[in-house]
Amino acid sequence: MKFLSNPPMEEMELDGLIPYVGTGNSSSEIEAYEQDVDQILIKVNELDKRVNEVEQFCNDQSKKQPDISKGSTLGKGKRQISGPKKLRQDGCSREAAAAKRMQQLINQFGVILRQITQHEWAWPFLQPVDVKALGLHDYHKVIEKPMDFGTIKKKIEATDGAAYKNVREVCADVRLVFKNAMNYNDEKSDIHVMAKTLLGKFEDKWLLLLPKVTEEEKRLEQEGAEAQLDMQLAKEAANARTARKISNELYEADMHLEELRAILISKCRKISTDEKRKIAAALDKLPVEDVDKALEIVAQYDPSFRSKGDLVDLDLDAQSECTLWRLKFFVKGALEVQEKSSTVVGNNNNPDRSHDTNTYNNSNKKRKKEIRNVIAKTAKKRSLNPSS
């Protein structure tokens, strides 16, 4: 096929934008195609929302990663990924086991408490301070939170929400009993001396239990971090499954679109030789960036086509009808945009802008000259080929 020289602009008009569908096809068939496309677009929009949800999850997780302390086994080796239901069951079992271990520590603390309360100097601290009977009218002004061993014992034995949840809570209340007495009473008073003495004995006994308490706290911290990691891995696995499902559904939608495109192209009239010549001539009128976009359209349907570089070998006769129709639509739209832009630039008398425009036009001319030479070279080869 031989490409003609550039025709005048009036010959450049690319009429017949809408592909002609033969008279043998009913309007109901066309409406069916439109409905198929609409359904695909709706499906794609839904998939796009789900993709955004997965991306948002990944962004959130990248900002908050579990704290893996030095020496921790968290994250080392392979971990089995469980489902949400299994994670909830494991969480309940873990919390129950932790509560049982903590109760055992509180019971061991109870032994220390009995030893302290059985001391001969413990009697002033066994019951709440009787403020009225002792005439301590300023007691509640000095002491913000009264505490005694009777109250502590009730909270240890409680079976409702008032019970101690942690052994350190019990320890804090025992210290409070003695510190209240020391704060309210003079240093030389018997109560102050008794409280200070018993506090020292208590601290010595508490140090014996403290290693077990610290070990349990580290275990709880480790289990909490592992639970958080398991939950994160479960969410990531769920999102990975969602991503795979979305990928498969997008592939199916793309295949459906390809089928519809093939059907429509098969029912459309073919691009004529004159239209191919006009498309080739129109490419010569486009700016560099639009020419590159047009070549990308060709490359989309022909992966072997080289759309970048100084030398481009474009043979319109070798392109599919789908490529030619898309080129036709694109070229006409690009020419309309170029015509509007030229009008705006023509009304602008700014010298600096004129200089930029000249530089831009020179670059366009160089690129278009390369395209025109290659097209002419291809046309010459085909005209010398008897089978063309």
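The structure this text deals with has already been given above.
The rules behind these values
- Residues numbered from 1 in each chain as written.
- Predicted model: local features only at pLDDT ≥ 70, side-chain atom pairs only at ≥ 80, totals over all residues.
- Heavy atoms only, no water.
- Phe/Tyr/Trp six-rings, centres within 6.5 Å; stacked < 30°, edge-to-face > 60°.
- Helix = DSSP H or I, 4+ residues; strand = E, 2+ residues; numbered from the N terminus.
- Salt bridge = Lys/Arg side-chain N within 4 Å of Asp/Glu carboxyl O.
- Buried < 20%, exposed > 50% of the residue type's maximum accessible area, 1.4 Å probe, protein only.
- Axes fitted to C-alpha atoms, helices over the stretch in contact; angles between N-to-C directions.
- Parallel < 35°, antiparallel > 145°, perpendicular 65-115°, else oblique.
- Contact = heavy atoms within 4.5 Å.
- Nonpolar A, V, L, I, M, F, W, Y, C, P; charged D, E, K, R; others polar.

Draft legend 1. Molecular detail of the packing of aromatic side chains. Following the criterion strictly, the structure yields 6 aromatic pairs and no others. Judged by centre distance (5.8 Å) and plane angle (75 degrees), the rings of Phe109 and Trp206 are edge-to-face. Highlighted residues: Phe109 in helix 2 (residues 84-117) and Trp206 in helix 7 (residues 190-267), separated in sequence by 97 residues. Taken together, a centroid distance of 5.7 Å and an interplanar angle of 40 degrees make the contact between Trp325 and Phe329 tilted. Here Phe329 and Trp325 lie together in helix 10 (residues 321-346), a separation of 4 residues that amounts to about one turn. One aromatic cluster is present, formed by Phe109, Phe202 and Trp206 through successive ring pairs.

Draft legend 2. Up close: the pattern of salt bridges. For the coordinates displayed, the defined rule picks out 12 salt bridges. Between Glu217 and Arg168 there is a salt bridge; the shortest N-O distance is 2.4 Å. Taken as a pair, Glu217 in helix 7 and Arg168 in helix 6 (residues 167-184) lie far apart in primary sequence, 49 residues in all. In this structure, Arg219 and Glu223 form a salt bridge, with 3.2 Å as the shortest nitrogen-oxygen distance. Placement of both Arg219 and Glu223 in helix 7 is noted, with a separation of 4 residues, approximately one turn of the helix. Of the residues examined, Arg219 reaches a relative accessible area of 42% and is grouped as partly exposed. The class for Glu223 is buried, based on a relative accessible area of 15%. Among the charged side chains, a network of salt bridges with common partners joins Arg101, Glu216, Arg219 and Glu223.

Draft legend 3. View of the packing of helix 5 (residues 149-157) against helix 6. Running from amino to carboxyl end, helix 5 crosses helix 6 at an angle of 170 degrees, the nearest separation of the two axes being 10 Å. If you check the angle between helix 5 and helix 6, you find them roughly antiparallel. Every residue of helix 6 that contacts helix 5 at Phe149, Ile152, Lys155 and Ile156 is listed here: Val170, Asp173, Val174, Val177 and Phe178. In terms of residue class, the contact of helix 5 with helix 6 is made up of 7 nonpolar, no polar and 2 charged.

Draft legend 4. Helix 8 (residues 273-283), seen in detail. Where burial is concerned, most of helix 8 is hidden: 9 out of the 11 residues are buried. All of the buried residues in helix 8 are Glu275, Lys276, Arg277, Lys278, Ile279, Ala280, Ala281, Ala282 and Leu283.

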